[in-house]
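The lines below spell out each chain.
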Amino acid sequence: MIQKIDKKAVQDALRMAYDRCKNETGGKNADYIPYLANVPSNLFGIAACLPDGDVVAVGDVDYKFGIESVSKVPTAILAMNQYSGQEVLDKIGADATGLPFNSIMAILLENDHPSTPLVNAGAISACSMVKPVGDSDGKWKAIISFIADLAGSDVEVIDELYKSETATNFNNKSIAWLLKNYNRIYDDPDMALDIYTRQCSIGVTATQLATMAATIANDGVNPVTGKKVFKPELTPKIASMMATVGFYEHTGDWLFTTGLPAKTGVGGGIMGVVPGVMGVAAFAPPLDGAGNSVKAQKALAFIAGHLNLNLFGTTRCVMAEKEPVKA
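In this report, we go over the structure that sits alongside the text.

Criteria and cut-off values
Residues numbered from 1 in each chain as written. Predicted model: local features only at pLDDT ≥ 70, side-chain atom pairs only at ≥ 80, totals over all residues. Heavy atoms only, no water. Axes fitted to C-alpha atoms, helices over the stretch in contact; angles between N-to-C directions. Helix = DSSP H or I, 4+ residues; strand = E, 2+ residues; numbered from the N terminus. Parallel < 35°, antiparallel > 145°, perpendicular 65-115°, else oblique. Left-handed = near helix turned anticlockwise from the far one by under 90°. Contact = heavy atoms within 4.5 Å. Nonpolar A, V, L, I, M, F, W, Y, C, P; charged D, E, K, R; others polar. Pairing = 2+ DSSP bridges.

Remarks on the packing of helix α8 (residues 159-166) against helix α10 (residues 189-200)
Turning to step 1, where the next piece is worked out: Where α8 meets α10, the axes come as close as 9 Å, and the angle between the chain directions of the two elements is 135°. Taken together, α8 and α10 sit at an angle that is classed as oblique. With respect to the hand of their crossing, α8 and α10 are arranged in right-handed fashion. Along the contact surface, α8 presents Leu161, Tyr162, Glu165 and Thr166, while α10 presents Asp194, Thr197, Arg198 and Cys200.
Turning to step 2, where the next piece is worked out: Partitioned by chemical class, the residues of the contact of α8 with α10 number three nonpolar, two polar and three charged.

Describing the sheet that holds strand β3 (residues 65-66)
Adjacent strands of a sheet pair through backbone hydrogen bonds, lying either parallel or antiparallel.
Turning to step 1, where the next piece is worked out: With respect to topology, three strands assemble into an open sheet ordered β3-β5-β4, the strand pairing being antiparallel. Every other strand in the sheet has two partners, leaving β3 and β4 (156-157) as the edge strands with one partner each.
Turning to step 2, where the next piece is worked out: Two strands pair when backbone bridges link them, and β4 and strand β5 (residues 202-204) are joined in this way by two bridges, in the antiparallel orientation. Its bridge partner lying in β5, glutamate 156 is registered against glycine 203.

Here you go:
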């Protein structure tokens, strides 16, 4: 159930987080993908989408950046929505690897299992599951329209990023064919890999990510458009995946510090979900060694602490005053 929160408190928290973090100079842009290396490193934006569909934002929230690994979240939800949570669990899994997001070793250590849809191997496997199986155009239409429904507005691929990703995805090619060898990919491997590469190359804004997070928080109903996007029982499943693997090998540290289920991408975006409360997102290109935005992490950690968003705390959020009950 969505709870009403104090919009002014959220506005204040975002502004304070922005002011505290805007001069952070740590990290560097991802340089293994040429397009990402050239994104201006001083960009910084934070957005929150509230239960009534209002968006609170500060900074560069309209700049379109590569969604990258944050795209793994909608594909995982889509696969569960088309099949079931249990079938995705059986075919892919939900275990955190504790290893880098592009790890081949993780497949071997997990007994030939992709582990979770929120790392590269599991995400490629999830793309292979998406219906219609065997139809590349149909799959792509299903994925990009689903992401648009979550975000509340249209999205499209950044062509230059897609070309840059395709020219450098040698490790992911190895992953796709290793999954094929272990019967853990459910469509043509090259097709699944191309779909995955394209979805990572979609351009989004911080505002769109916040709306996407709010749709997840709102049991699959987009609070901006009012559209029912996915089955409500999938919110706790995807939130649990985000909580356990959203920051890859740094996930434990993040969850210990903030208690906020979140997913990062090497494009500099981070999307956080507070089930029943709101969605929040931040964007800044410079990354730490694990591929997580340095500035966005600090901003969201401050917001989570300031607004009491820790899922494991006794006070869940800053609530608006309740209207008096009429006799």
